[in-house]
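Observations on the three-dimensional arrangement
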Amino acid sequence: MRGRARRTAAAALALVATAPMLSACFEEPSAHEAVRDFLIGWQTGDYAAAARRTDGDQKVVSRALENAKLQLDAASFRFNVKSMRRAADEVEADFDAEVDLGENNPLWEYEGKLPLHLVDGQWRVRWSPSVLHPQLREGERFAVKVTPEGRQPILDRNRDPLQEKAVLHVASVVPSNLKSGEADDLCEKLSKITGFPQDRLLSRIRSAPPNLQVPLVTFGRTKFRQLQGQLEAIPGLTLSAQEQAVAPASPTQIVGTVTAVTPESEQQLGGPQRAGDTVGRAGLQKAYQEHLTGSTDTRVITVDLKTLKVTELKKWRPDRSTSPVRTTLDRSHQKAADSALLGGTPGMLVAVQASTGDILAVSSTEQYNQERHALAGRFPAGTAFSIMTVEGMLRAKIDPKQKVACPADRSVGGAAFHQEGGSAGGSPTLQANFATGCVTALAALARRINGAELTADAAKFGIGVPWSLPLKSFSGSVNSKKPLKSDAATAKAITGQNVLVSPLSMALVAGAVASGTWRPPVLVTEPQTADPTTDAKPSKAPDPVQLDDKTVETLRAFMRSGVTGGSARAAAAPGDPVHGITASASQNRKPLSWFVGWQGDVAVAVLTQSSDATAGATVAGRFFQGLHAGL
C-alpha cells in the first residue's frame with residue numbers, strides 16, 4: 001500500500017474514534033448535531049452534508065470545502081472538538097484540525113473556530129472562509145509552496161565538485177495562465193506522453209500558488225528529443241532548458257549518473273521526491289541518494305486572488321538537511337590515471353594512498369567498468385600473489401639469494417606449470433625470479449611453504465578480509481576459501497592460479513608493502529553512512545595490520561629489483577624510486593598483465609588485457625610520469 005492510500009485509510013479509521021468524541025463534547029443536542037455533522041461531512045468528503053449545516057449557499061460552501069482539499073493537496077483532514085461556549089442564541093465551538101498534506105509530507109495542525117447561530121429554530125454554522133481557517137478571508141485561497149533544495153554535489157578530497165554542467169529540460173505551467181478545464185486536458189495529455197499519473201500532475205497544479213511556475217516533469221537530453229514535438233503541442237505547457245551540475249566527472253562510473261525522476265523511480269523512492277527532482281542511477285549518486293537530495297521546504301499560504309498578496313500560515317523546514325558527499329578521490333591522480341590508459345590497450349588502474357588506504361583514482365578503458373571490475377572484479381592474481389609468500393619463505397629460512405632454476409616447465413605435486421621464455425640454462429636467484437615473475441621457479445617453493453600459513457599470511461595483506469565500501473568491491477579469495485592441503489594447491493596459490501583478486505585489493509597490497517601496514521580502503525569520508533534516516537553506527541572497518549619488519553624489508557628489495565632489473569622496468573619514472581613487479585595471467589582465454597607497486601605514498605595496481613607481460617608496467621610508468629609532470 002502506497003503512502004497516500006495508507007493515510008486515507010488512517011483517516012477513515014480516525015473517523016470512527018472521532019464521532020464518539022464529538023458526541024461527548026456538548027450538552028446542547030441541537031448545537032452538537034450541527035457541529036458533528038459539519039465536521040464529519042468535511043472530514044469524510046461529504047461536502048453536501050456539511051454544507052446543509054451552514055447558513056451559506058450550499059453549492060458555494062460545498063465547493064469551498066472541496067477546493068480547500070484540492071488547494072492543499074490534502075490526503076486527509078481530522079478534527080477534534082475541544083470546547084463550546086454559548087451566549088444567548090449564539091454558540092462558538094473550538095476545534096483542532098490536522099491536515100495531512102500527502103505528497104508534501106508535513107502534518108499541518110491548527111486551531112479553528114465554528115460560530116453557530118439559530119436560523120429558523122435550527123443551529124447553523126455561520127459561514128465565512130474563516131470557518132476553514134481563522135486567517136482565510138473572502139477572495140483568498142489556500143496554496144502550498146514547495147521549494148526542494150538543489151541536489152548536493154559529490155566532492156573530491158579537496159572539496160572540488162565531481163560533477164559538470166548538463167542541460168535538463170523542464171515542462172512547467174503557470175496555473176493562473178490556464179483557462180477553465182485546460183489543466184485537466186493538459187495533465188491528461190502529459191500523462192499519456194510521460195507515464196506520470198494524471199491525478200498527481202493535476203494536484204500539483206491545483207495546490208500551487210496560482211502565479212508561480214510549477215515544474216511538472218524534467219527530461220534529460222535524449223528523452224526530451226524523443227518527446228519534444230508532442231510536448232510542444234500541449235496548450236499551456238512551457239518548456240525551458242536548465243543547466244544543472246549533474247554530469248559526472250571522471251571517474252564517471254564511481255561518481256555515477258543522475259537522471260530526472262521517472263514515474264517508476266518516483267514510485268520506488270516515495271517520500272519527498274517529486275517530478276522535477278533528480279535521482280542517482282549508479283555509483284555514489286545512487287548510493288547516497290538520500291543524502292544528496294529529497295529535502296524540501298514547505299509552506300502553507302493564503303493568496304489574495306486580486307492582489308496576489310501572500311500570507312504564510314505555516315512553514316516547515318526539512319526534517320533532515322541534504323549534504324554533500326566528500327570522497328578521497330584526487331583530480332590530479334585521476335587525470336594522470338586516465339591519461340596513462342590512453343595507449344589503446346584495454347585495462348584499468350586503481351591508485352591508493354599507501355599511508356591511509358584512501359582511494360585516489362579509479363580509471364578504466366571502455367572495456368571495463370570502474371566499479372564492477374576495478375573495485376569488485378575477480379581476476380586471477382598470477383605471480384603477483386607471490387608478494388604474500390615472502391613471509392612464509394623467510395619463516396622457512398629460504399635465502400633470497402638462493403639460486404632456483406626457471407625452466408619452461410615444472411611439475412609440483414602433479415600440477416603442471418609453464419613459464420614463457422623460461423631459462424634454458426643457469427639458475428637465477430630467488431630475488432631475480434621474483435623480479436621477473438618466473439612461474440616455474442616460484443611454484444617450486446610450495447614444498448617448503450605451509451599452505452595454511454600462506455592463507456593466513458595473505459589475510460595480513462587484506463586478501464579475503466571483509467571490508468565495507470559504499471560501492472561493490474572484492475577483497476579477494478584463496479583457493480575458493482578452501483584449505484591448501486597439497487603441494488599442488490599451494491603451488492597454484494603462490495603463482496596465483498587459484499587466487500582471485502581485484503585491482504583495488506592488489507593496490508592495497510602494494511600500499512601495505514610501501515607503508516609497512518595494510519589498511520582497509522576508504523572512498524567516502526563524509527557522511528558516515530549512506531542512509532541519513534538511521535541512527536545506526538557505520539559498520540566498523542577492519543583494523544590495520546602491521547606487517548613483519550623483515551618481511552617488509554625483503555619485499556621492498558624484491559620489488560625495487562623488479563623495476564631496476566626485472567620485468568617492471570617500464571614503470572620507472574622521475575622522482576622517488578618506483579617499486580613493483582609484473583605478473584601474467586589469463587581468464588576466459590584472454591591474456592592479462594598485472595603491475596603492482598608504488599612510488600612515494602602512491603600505490604597502484606594496473607591490470608591490462610594483453611599478452612605482453614610488461615603492458616601493466618608501461619601503464620604504471622605513464623601514470624607515475626604524469627603525476628611527476630603535474631598532469
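Along each chain, the written sequence defines residue order, and numbers are assigned to residues from 1. The predicted origin of the model limits local features to residues at a pLDDT of at least 70 and limits the giving and counting of side-chain atom pairs to 80 or more, whereas totals for whole chains, interfaces and linings rest on all residues. Excluded from the side-chain calculation are hydrogens and water; included are all heavy atoms of the structure.

Another point: the overall build of the chain. What the chain contains, in helices and strands, is 21 helices and 27 strands. Whether two residues are in contact is decided by their heavy atoms: any pair within 4.5 Å suffices. Long-range contacts, defined here as pairs at least 24 residues apart, represent 67% of the contacts in the chain between residues at least 6 apart. For accessible areas, the Shrake-Rupley method is used with a probe of radius 1.4 Å. Any residue's cover is judged against the shown protein chains and nothing else. By element, 48% of the accessible surface of the chain is carried by carbon and sulfur atoms, the whole surface being about 27,500 Å². Here a strand is any run of E in DSSP of at least two residues, a helix any run of H or I of at least four, and the numbering for each starts at the N terminus.

Let us now look at the sheet that holds strand 26 (residues 590–599). Judged by pairing direction, the sheet is antiparallel, and its 5 strands sit side by side in the order 16-15-27-26-25 without closing on themselves. Of all the strands in the sheet, just strand 16 (359–364) and strand 25 (578–587) have a single pairing partner and so form its edges. Within the sheet, the average angular offset between the axes of one strand and its neighbour, ignoring direction, is 10°. By the convention used here, strands pair only if DSSP detects at least 2 bridges between them. Across 5 bridges, strand 15 (residues 347–353) lies against strand 16 in antiparallel orientation. Bridge assignment links Ala 351 to a residue of strand 16, and that residue is Ala 361. Comment: axis = line fitted to C-alpha atoms, over the contacting stretch for helices; angle = value between 0 and 180 degrees taken between N-to-C directions.

Side chains carrying opposite charge are able to pair once their charged atoms draw close together. Whenever a carboxyl oxygen of Asp or Glu lies within 4 Å of a side-chain nitrogen of Lys or Arg, that contact is scored as a salt bridge. For the coordinates displayed, the defined rule picks out 24 salt bridges. In this structure, the salt-bridge partner of Asp 185 is Lys 189, at a minimum N-O distance of 3.3 Å. Placement of both Asp 185 and Lys 189 in helix 5 (residues 182–194) is noted, with a separation of 4 residues, approximately one turn of the helix. Type-normalised accessible area, obtained with a 1.4 Å probe on protein chains alone, sets the label of each residue: buried when under 20%, exposed when over 50%, and partly exposed for intermediate values. Residue class for Lys 189 comes out partly exposed when judged on its relative accessible area of 33%.

Next up on the list: the environment of Ala 241. Residue placement: Ala 241 occurs in strand 9 (residues 238–248). The exposure class of Ala 241 is exposed, given its relative accessible area of 56%. Distance from Ala 241 to Ala 166, taken between C-alpha atoms, is 9.9 Å for residues 75 residues apart in sequence. Residue contacts for Ala 241: discarding those within four places in its chain leaves Val 167, Leu 168 and His 169.

Planes of paired rings set the category: under 30 degrees apart is stacked, over 60 is edge-to-face and the rest tilted, where pairs are Phe, Tyr or Trp rings (Trp by its six-membered ring) whose centres lie within 6.5 Å. With the rule as written, the count across this model stands at 12 aromatic pairs. Aromatic pair Trp 467 and Trp 518: ring centres 6.4 Å apart, planes at 20°, arrangement stacked. Here Trp 518 lies in strand 22 (residues 517–518) and Trp 467 lies in the loop between helix 17 (451–460) and strand 20 (477–478), a separation of 51 residues in the sequence. Grouping residues by exposure puts Trp 467 and Trp 518 together as buried. An aromatic cluster is present here, built from Phe 38, Trp 42, Phe 77, Phe 79 and Phe 95 joined pairwise through their rings.

What follows is about the pairing of strand 13 (residues 310–316). Relative to strand 13, strand 12 (residues 296–304) is paired through 6 bridges, and the arrangement is antiparallel. Bridged to Thr 302 within strand 13 is Thr 311. Counting the residues between successive antiparallel strands, the hairpin from strand 12 to strand 13 contains 5 residues, one of them, Leu 308, with a positive phi of roughly 65°.

Further remarks concern the state of the cysteines. Put plainly, a disulfide is one covalent bond tying together the sulfur atoms of two cysteines. By disulfide we mean two sulfur atoms from cysteines, separated by a distance within 2.5 Å. One pass over the structure, following the stated rule, counts 1 disulfide. Through a disulfide, Cys 406 is tied to Cys 438; the S-S separation comes to 1.9 Å. Sign of the S-S torsion, about 105° for the bond between Cys 406 and Cys 438, identifies this disulfide as right-handed. On the criterion of sequence distance, the pair formed by Cys 406 in the loop between helix 14 (390–395) and strand 18 (409–412) and Cys 438 in the loop between helix 15 (430–436) and helix 16 (439–443) is long-range, its members being 32 residues apart. Of the two residues, Cys 406 and Cys 438, neither departs from the other in class, the shared state being buried.

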